[in-house]
Amino acid sequence: MSDFHQNGIVTVLHRLGAANLERLEAELRRHAMINPIALVLPSLYSELERPALKGIIETLQEIPYLNEVVVSLDRASPLEFRLAKGFFGALPQRVRIIWNDGPRIQDLLQLLVSQGIDIGSAGKGRGCWISFGYILARRQSKVVALHDCDVLNYNREFLARLCFPLANPNLGYEFCKAYYSRVTDRLHGRVTRLFFTPLIRSLQHITGSQALLTFLDSFRYPLAGEFAMVRDLAWINRIPGDWGLEVGVLAEVYRNCALRRICQADIADSYDHKHQVLSADDETTGLLKMCVDIAKSLFRNLASEGVVLSEAMLKTLWATYLQSAHEAISRYQDDAAINSLTFDRHEERTAVGVFLKGLKIASEAFLEDPLWVPMLSNWSRVTAAVPDIFDRLIDAIEQDYAWDPKAEDSQVRR
C-alpha cells in the first residue's frame, strides 16, 4: 500500500485500499462521453518486434473508454509502415499511424521550416508534437494521454489512473504526471535518483528558494514518460525535441497551468521497461546524453525565470552536486539493505561520475549559448504562420494511412 502524504506543492493521488479498476473504468466510460480521450504512443519500428509492445496492444484491446489511438512511428521504411498498420490494426479503437519518415510528413516539416518554425530534430519529442497537432486538428478528443511503448508489465490500471483525474469533470485537473516504483531485485531509475533530484536540491542550496525548483522537486518521479493533459494545454505548450522532454513539459505546465490544476498519480505497484546503457564515453547516446539534455533544459528554464547562472556558480554546482549524489548513494544503500535488495555501490558511484561529466558538458554548452535548447514551436504559433496547417496535416496522415505500398508495387509490375 502506498503512503498518503501530501509532501510538496503538487497534489499527489495515491493508490490506497483495495483495487478499484472496474469502478474506475466504469466511471471513465461515462466521463469519456463528455471528455473523450486520445492516447499517443511514440514508437520506433523496432519496438514492434519486442514483447513489451505486444503486451500493451493486447491490454489496450480490452480498454473500452478510449476515443482514439495515435501512433507516432519513427525509423520505419515503406514496408515497415505497412506492417505497422497491420500490427496496430488489432486495436478496436480508431487508430492512425503517423509515418514520421514518410514523404508527406517530411514535406510538411519542410514547409514549416520555410516559414521560420523550429521543428527540432527527429525523435520522440518531435513525434509527440506532430501527434498532438493531429489530435488538435481533429478536435475529437479533449484529453490527451501519452506513455512509452517499452513497458514490460503494462496493465489496464496504468492508463485508467493516468486519465481519470482529467476525464472526471468533478476533479478539474488539467495535467497529470504518472509516478511509480522502479524496483525489481534492485533499485532502478538512476537518472532520477542520482542525477535529477540531487541536482535540483543542489541548485536550491546555491540559489535559494526558487518557485520552479520547488515545483519540480514536488514530483515523485519527474522523469516519468507518462503524462496526460487537456487539449488546451497541448495547444499552448512548447516541448523540447531531445531527452529534456520531461523537464521541458513540466516547465511549460508550470508556466501555463494553475497549480491547483496539476496533479501526479500513482499508476502502478511497479514499472519495468528497457534500461538505457550508461554510455560513459559517448555523449550522443545513453544516459550520458540524457543527463546533458536534462541539465541544458533545466538551465535554460531557470535562466528564463531570472536565475543568474554564471561560470563560477556552475562550477560550484559541480562540487555541490557531487556531494549530494554521494549522500544519495548512502541513503539508497541503506534502503536496499532493509529490503534485502541487490545494491552495487561501485556501480552507483560510477554512474554518478558519468552524470557529473554530463553536468559539466551541459554547463559549458549553456555558457556558450544560453538559448540553444531545441524547443518546438507551440501549435498556436504554427497555425498563425501556416493557417491551413491542420488541414494539410490531416490530409497527409489520412493519405499515408490509406496508402498501400504493396498494391502500388503490384500496379508498377503490371
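Everything here concerns the structure above.
Student: Honestly, the overall build of the protein chain in this entry has me stumped. Any pointers?
Tutor: When helices and strands are counted, the protein chain shows 16 helices and 10 strands. Radius of gyration (C-alpha) of the protein chain: 21 Å, near the 22 Å computed for a compact globule of 414 residues. With 414 residues in all, the protein chain has 55% of them scored as buried. Across the protein chain, contacts joining residues at least 24 apart in sequence account for 81% of those joining residues at least 6 apart.

Student: Can you walk me through empty space enclosed by the protein in this structure?
Tutor: To locate leftover empty space, one rolls a probe as large as a water molecule over the atoms. Overall, the coordinates contain three cavities of 30 Å³ or more when judged by the stated rule. Mapped by element, the contributors of at least two residues to the lining of the largest cavity are α4 (103-114), α5 (124-138) and α15 (389-402). With four residues, α4 is the largest single contributor of residues to the lining of the largest cavity. Classifying every residue of the lining of the largest cavity by side-chain character gives nine nonpolar, no polar and no charged. Approximately 50 Å³ is the volume found for the second largest cavity. Put simply, the parts of the chain that give the lining of the second largest cavity at least two residues each are α5 and α9 (231-236). Class assignment of the residues belonging to the lining of the second largest cavity gives a composition of seven nonpolar, one polar and no charged.

Student: Sorry if this is basic, but what is going on with helix α13 (residues 345-368) here?
Tutor: Each α-helix winds once per 3.6 residues, and so residues spaced three or four apart point in a common direction. Taking 1.5 Å of rise per residue, the 24 residues of α13 would be expected to cover 34 Å, and the 35 Å separating its terminal C-alpha atoms lies within 8% of that figure. Where α13 is buried, its residues meet α7 (190-207), α11 (286-304) and α12 (311-338). Here α13 starts with a cap whose side-chain oxygen sits 3.1 Å from the backbone nitrogen of His346, and that cap is Asp344.

Student: Can you help me understand the layout of surface pockets in this one?
Tutor: The volume enclosed by the second largest pocket comes to roughly 1,300 Å³. Tyr180, Ser181, Arg193, Arg220 and Tyr332 are the residues nearest the centre of the second largest pocket, which is lined by 45 residues in total. Looking at the lining of the second largest pocket, the elements that each hand over two or more residues are α6 (156-167), β6 (175-180), α7, α8 (211-217), β9 (262-268) and α12. Top contributing element to the lining of the second largest pocket by residue count: α7, with seven residues. Its residues assigned to classes, the lining of the second largest pocket comprises 19 nonpolar, 12 polar and 14 charged.

Student: What am I meant to see in the packing of helix α1 (residues 21-31) against α6 here?
Tutor: Angle between the axes and distance between the axes are the two parameters that describe a pair of packed helices. One can describe the packing of α1 onto α6 by two numbers: an axis separation of 10 Å at closest approach and a directional angle of 45 degrees. By the angle class used here, α1 and α6 are oblique. Handedness of the crossing formed by α1 with α6: left-handed. Taking contact as the criterion, the partners of Leu21, Leu24, Glu25, Glu27, Leu28 and His31 in α1 are, on α6, Arg156, Glu157, Ala160, Arg161, Cys163, Phe164 and Ala167. Within the contact of α1 with α6, the residues separate by chemical class into seven nonpolar, one polar and five charged.

Student: When you look at unusual backbone geometry in this model, what are you seeing that I'm missing?
Tutor: In terms of backbone geometry, most residues other than glycine have negative phi values and most peptide bonds are trans. In this model, Arg75 sits at a positive phi of 55 degrees, which is unusual for a non-glycine residue. As for its placement among the helices and strands, Arg75 is situated in the loop between β3 (66-74) and α3 (78-88). Classification of Arg75 as exposed rests on a relative accessible area of 66%. Backbone geometry places Arg139, a non-glycine residue, at a positive phi of 55 degrees. Given a relative accessible area of 56%, Arg139 falls into the exposed group.

Student: What is the right way to read the environment of Cys163 from this model?
Tutor: Take Cys163: it is sitting in helix α6. For Cys163, a relative accessible area of 0% translates into the label buried. Once the C-alpha coordinates of Cys163 and Leu28 are considered, the two residues, 135 residues apart in sequence, prove to be 8.2 Å apart.

Student: Can you walk me through α15 in this structure?
Tutor: Compared with an ideal rise of 1.5 Å per residue, which puts 14 residues at 20 Å, α15 spans 20 Å between its outermost C-alpha atoms and is within 8% of the ideal. Among all positions of α15, only Ile389, Phe390, Leu393, Ala396, Ile397, Asp400 and Tyr401 are buried. Considered in projection along α15, the buried side chains sweep an arc of 130 degrees and stay on one side of the axis. Facing away from the buried side of α15, by more than 90 degrees, are the exposed residues Asp391 and Ala402. Contacts made by the buried residues of α15 are with α3, β4 (94-99), α4, α5, α9 and α14 (379-385).

Student: How should the packing of aromatic side chains be read in this particular structure?
Tutor: Enumeration over the complete set of coordinates arrives at 14 aromatic pairs. Judged by centre distance (5.1 Å) and plane angle (80 degrees), the ring pair of Phe87 and Phe88 falls under edge-to-face. A relative accessible area of 21% means that Phe87 is categorised as partly exposed. Residue Phe88 is classed as buried on the basis of its relative accessible area, which comes to 0%. Grouped by ring-pair contacts, the aromatic residues Trp129, Trp235, Trp379 and Phe390 constitute a single cluster. Its guanidinium or amino end placed over the ring of Tyr401, Lys85 lies 5.6 Å from that ring's centre, counting from NZ or CZ.

Student: Just to check I follow, could you spell out the sheet that holds β6 for this structure?
Tutor: Across a sheet, paired strands are connected by hydrogen bonds in the backbone, their directions being either parallel or antiparallel. Ordered by their spatial adjacency, eight strands build an open sheet running β1-β9-β6-β7-β5-β2-β3-β4, and the pairing between neighbours is mixed. Edge positions in the sheet fall to β1 (11-13) and β4, since each of these pairs with one other strand and no more. Within the sheet, the average angular offset between the axes of one strand and its neighbour, ignoring direction, is 20 degrees. In the packing of α6 onto the sheet, contacts are made with β1, β2 (37-44), β3, β5 (143-146), β6, β7 (227-230) and β9, and the angle to β9 comes to roughly 160 degrees.

Reading the values: the criteria
Residues numbered from 1 in each chain as written. Predicted model: local features only at pLDDT ≥ 70, side-chain atom pairs only at ≥ 80, totals over all residues. Heavy atoms only, no water. Helix = DSSP H or I, 4+ residues; strand = E, 2+ residues; numbered from the N terminus. Rg over C-alpha atoms; globule rule 2.2 N^0.38 Å. Buried < 20%, exposed > 50% of the residue type's maximum accessible area, 1.4 Å probe, protein only. Contact = heavy atoms within 4.5 Å. 1 Å grid on protein atoms, 1.4 Å probe; cavity = no way out; pocket = protein on both sides within 12 Å on 5 of 7 lines; lining within 4 Å. Points joined across faces, edges and corners; volume = space filled by probe spheres on them. Nonpolar A, V, L, I, M, F, W, Y, C, P; charged D, E, K, R; others polar. Expected span 1.5 Å × (residues − 1). Polar contact = N/O pair within 3.5 Å; in protein donor to acceptor, adjacent residues only side chain to side chain. Axes fitted to C-alpha atoms, helices over the stretch in contact; angles between N-to-C directions. Parallel < 35°, antiparallel > 145°, perpendicular 65-115°, else oblique. Left-handed = near helix turned anticlockwise from the far one by under 90°. Arc of directions from axis to C-beta. Phe/Tyr/Trp six-rings, centres within 6.5 Å; stacked < 30°, edge-to-face > 60°. Lys NZ or Arg CZ within 6 Å of the ring centre and 35° of its normal. Pairing = 2+ DSSP bridges.

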